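# Topology and contacts: notes
For reference, the chains in residue letters:
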Amino acid sequence: MDFEYFYGKQSSQYAFYRIPKQLFTESQFDALSIGAKLLYGMMIDRMELSQKNGWIDSV
């Protein structure tokens, strides 16, 4: 396979979800499906975006 390199802003075309490693290494989370763990990572991503934009409820 021949893949092209990414330059400059091209590298930002890929985004990644951060999923806590504990969801995969701690036995207390064994009952969660892979889909549930992925959904949790997606929710964290949305929460970070809300914080970045100042969309936070007052407590």
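Residues numbered from 1 in each chain as written. Predicted model: local features only at pLDDT ≥ 70, side-chain atom pairs only at ≥ 80, totals over all residues. Heavy atoms only, no water.

Turning our attention to a nonpolar patch on the surface. A surface patch of nonpolar side chains, about 480 Å² in accessible area, is lined by Tyr-17, Leu-38, Leu-39, Met-42 and Met-43. Looking at the secondary structure, you find Tyr-17 in the segment before α1 (22-25). (Patch = residues over 30% accessible without salt bridge, like charges linked within 9 Å, V, L, I, M, F, W, Y side chains within 5 Å. Areas by Shrake-Rupley, 256 points an atom, 1.4 Å probe, with all protein chains shown as cover. Salt bridge = Lys/Arg side-chain N within 4 Å of Asp/Glu carboxyl O. Helix = DSSP H or I, 4+ residues; strand = E, 2+ residues; numbered from the N terminus.)

The next point concerns the pattern of salt bridges. All told, the structure shown has one salt bridge when counted by the stated rule. Residue Glu-48 is joined to Arg-18 by a salt bridge in which the shortest nitrogen-to-oxygen separation is 2.4 Å. You can see Glu-48 sitting in helix α2 (residues 34-52) and its partner Arg-18 sitting in the segment before α1, a full 30 residues away along the chain.

This part is about the environment of Phe-6. With respect to the helices, strands and loops of the structure, Phe-6 is situated in the segment before α1. With near-sequence residues (within four places) excluded, Phe-6 lies in contact with Ser-11, Gln-13 and Tyr-14. (Contact = heavy atoms within 4.5 Å.)

Okay, the side chain of Lys-37 next. Its location among the elements puts Lys-37 in helix α2. This buried residue, Lys-37, is left without a salt bridge; Asp-30 holds the nearest opposite charge, at 5.4 Å. There is a polar contact of 2.9 Å between the side chain of Lys-37 and the backbone oxygen of Leu-23. Every residue in contact with Lys-37, bar those within four places of it in the chain, is listed here: Ile-19, Leu-23, Phe-24, Phe-29 and Leu-32. (Buried < 20%, exposed > 50% of the residue type's maximum accessible area, 1.4 Å probe, protein only. Lys, Arg positive; Asp, Glu negative; His and termini not counted. Polar contact = N/O pair within 3.5 Å; in protein donor to acceptor, adjacent residues only side chain to side chain.)

Once that is clear, we can look at α2. Here α2 contains 19 residues, and its C-alpha end-to-end distance of 27 Å stays within 8% of the 27 Å for a straight helix at 1.5 Å per residue. Every buried residue of α2 is accounted for by Lys-37, Gly-41 and Ile-44. Buried residues of α2, viewed axially, fall in a sector of 55°; they line one side. What points out from α2, more than 90 degrees from its buried face, is the exposed set Met-43 and Arg-46. Contacts from the buried residues of α2 go to α1. Positive phi shows up at Gly-54, right after α2, with a value of about 75°. (Expected span 1.5 Å × (residues − 1). Arc of directions from axis to C-beta.)

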